[in-house]
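Each chain, letter by letter, is given below.
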Amino acid sequence: MNEAFNLPFWAEIVVSAFVLLGASLALIGTIGLARLPTFFERLHAPTLGTSWGTGAMVMASMIFFTVTSGRPVFHEILIGIFVTVTTPVTLMLLAQSTLHRERAEGNPDVPASISKTPAADSDPKEA
Amino acid sequence: MTVLPYPLLTASLLLMWMTLNSFSIGHFILGAIIATVASWAMAALRPAKPRLRKWYLLPKLLGIVLYDIVRSNIAVVGIILTGRTRTRRSGFMTIHIELKDTTALALLSVILTSTPGTAWLEYNSSDGTLLMHVLDLVEEQEWTDLVKNRYERLLMEIFE
């Protein structure tokens, strides 16, 4: 942990600001996950953590290690890229399985399927 | 079979290898070998090769998206913290998407899901209908304009 003592004052301020921002966004995202009333609304809350929550943490890490090691360190950006690129996969899986379940239960709040596959025609609402 | 079937992929892999290890001659050679072999493996899978017509518009798209993500982060934080569930109306909406290029569609889905407040739910490729969920559905037309004019037009220029 000796590295931390070599950090100039301005860098300490900037790094802590980014860490706090990222942590707050992740916290608010989880609060939203607990508080929002419906599943599809809750779907939006964790994106705070995966977008700028991750982004701010990555920025803080890049600044910290660039300043302390004296050479540009930016491989953390890969974390940001891969988190962003893989989020849609899990989000769509969750959303589509819930859509399927709600439709099968005949929940009127959920819109009918937009695909015209035979499976979609077995919608209990239309029966 | 050409030596480098996916030059952009090979270059990105090499760059990634060197950022993860170090920028030295040794890692350049090792990374180049790995990146070339990986791009051959990719070629064996025969994915559709995306064509970037106007690649110079990509930074503009990235800028717009990063700015929008900041804006919607602030908006969603506001919604969660104030907890105004009475006045806010969230809901589903469908948009007709004219994009056909799969890479462009994938990019659009990444943009919409990584922006808090919008979620891509279902897409029907035969008639181009997209079902999405919006956290703050005040004006449906506003969201349609955002997707169609801000993202889709630019993606179309880049890919089609």
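Residues numbered from 1 in each chain as written. Chains lettered and ligands numbered in written order. Predicted model: local features only at pLDDT ≥ 70, side-chain atom pairs only at ≥ 80, totals over all residues.

Trainee: Honestly, the overall build of chain A in this entry has me stumped. Any pointers?
Mentor: A count of helices and strands for chain A gives four helices and zero strands. Along chain A, helices and strands appear, N-terminal first, in the series α-α-α-α. Buried residues in chain A amount to 26% of all 127 residues. If you take every contact in chain A between residues at least 6 apart in sequence, the share linking residues at least 24 apart comes to 52%. (Helix = DSSP H or I, 4+ residues; strand = E, 2+ residues; numbered from the N terminus. Buried ≥ 20, exposed ≤ 12 C-beta atoms within 10 Å, placed from the backbone. Contact = placed C-beta atoms within 7 Å.)

Trainee: How do you make sense of the UniProt feature "transmembrane region" (unreviewed entry) in chain A when you look at a structure like this?
Mentor: Residue and element names in this part refer to chain A. Cross-referencing UniProt, the feature "transmembrane region" (unreviewed entry) maps to residues 13–36, 48–67 and 73–95 in the present numbering. The annotated region residues 13–36 carries 96% helix and 0% strand content, and the separation between its end C-alpha atoms amounts to 33 Å. The span residues 48–67 carries 100% helix and 0% strand; its end-to-end C-alpha distance comes to 27 Å. (UniProt positions renumbered as here; feature names shortened; annotations may be inferred.)

Trainee: Help me understand the interface of chain B and chain A in this model?
Mentor: It is common to give the size of an interface as the accessible area lost on bringing the parts into contact. On the chain A side, the residues contacting the 30 residues of chain B number 31 residues. Listed by contribution, the elements that provide at least two residues to the side of chain B that touches chain A are α1 (7–20), α3 (58–82), β1 (91–96), α4 (102–114), β2 (118–124) and β3 (129–134) of chain B. For the side of chain B that touches chain A, the leading source of residues is α3(B), giving seven residues. Residue composition of the side of chain B that touches chain A, by class: 16 nonpolar, 13 polar and one charged. (Nonpolar A, V, L, I, M, F, W, Y, C, P; charged D, E, K, R; others polar.)

Trainee: What exactly am I supposed to notice about the confidence of the model for chain A here?
Mentor: Low pLDDT marks stretches whose predicted atomic positions should not be read closely. Residue and element names in this part refer to chain A. The pLDDT averaged across chain A works out to 81; a share of 86% of its residues lies at or above 70. Summarising per-element confidence for chain A, the mean pLDDT is lowest in helix α2 (residues 39–42) (86) and highest in helix α1 (residues 9–35) (91). Confidence over residues 118–127 falls short of pLDDT 50; this stretch has eight contacts with residues more than four positions distant or in other chains. (pLDDT = per-residue confidence, 0-100.)

Trainee: I keep staring at helix α3 (residues 47–69) of chain A and nothing clicks. Help me out?
Mentor: Counting along an α-helix, one turn takes 3.6 residues, and residues three or four places apart therefore face a common direction. Residues and elements named next belong to chain A. End to end, α3 covers 32 Å across 23 residues, agreeing with the expected 33 Å (1.5 Å per residue, within 8%). Along α3, the largest kink reaches about 35° and is centred on Gly53. Looking one or two places after α3, you find Gly70, whose phi comes out positive at around 70°. (Expected span 1.5 Å × (residues − 1). Bend = angle between axes of the 7 residues up to and from the residue.)

Trainee: Quick question: what am I supposed to make of the sheet that holds β3(B) here?
Mentor: Within a sheet, adjacent strands bond to each other through the backbone by hydrogen bonds, running parallel or antiparallel. Residues and elements named next belong to chain B. Spatially, β1-β3-β2 is the arrangement adopted by the three strands of the open sheet, whose pairing is antiparallel. Strands with a single pairing partner mark the edges of an open sheet, and in this sheet they are β1 and β2. Neighbour-to-neighbour, the strand axes of this sheet turn through a mean angle of 25°, independent of strand direction. In this structure, β1 lies alongside β3, joined through six bridges in antiparallel fashion. Note that in β3 the partner of His96 across the bridge is Thr129. Sheet strands touched by α4: β2 and β3. Its angle to β2, the strand with the most contacts, is close to 145°. (Pairing = 2+ DSSP bridges. Axes fitted to C-alpha atoms, helices over the stretch in contact; angles between N-to-C directions.)

Trainee: Just to check I follow, could you spell out the nonpolar core for this structure?
Mentor: Proteins that are soluble and globular tend to have nonpolar side chains buried together. Core analysis: the biggest nonpolar cluster contains 45 residues, and A:Ala56, A:Ala60, B:Leu108, B:Ala119, B:Leu121, B:Met132 and B:Leu155 have the highest contact counts within it. Put simply, the parts of the chain that give this core at least two residues each are α1, α3 and α4 (77–105) of chain A together with α3, α4, β2, β3 and α5 (140–159) of chain B. Residue contributions to this core peak at eight residues, all from α3(A). Apart from the residues lying within four places of it in its own chain, the contact partners of B:Leu108 are B:Leu99, B:Tyr151, B:Glu152 and B:Leu155. (Core = buried A, V, L, I, M, F, W, Y, C linked by C-beta atoms within 7 Å.)

Trainee: Which parts of the structure should I look at to understand the pairing of β3(B)?
Mentor: Strand residues, when the strand is regular, have side chains that alternate between the two faces of the sheet. Among the six residues in β3(B), five count as buried, and that is most of the element. Where β2(B) folds back onto β3(B) in an antiparallel hairpin, the turn is made up of four residues, including B:Gly128, whose phi is positive at roughly 70°.

Trainee: Could you clarify how one ought to interpret the confidence of the model for chain B in this entry?
Mentor: All names here are of chain B. Per-residue confidence for chain B gives a mean pLDDT of 84; residues scoring 70 or more make up 97%. Of all the helices and strands in chain B, α5 carries the lowest mean pLDDT, 85, while helix α2 (residues 25–45) carries the highest, 89. Both scores are given for the predicted complex: the pTM is 0.80, the ipTM 0.75.

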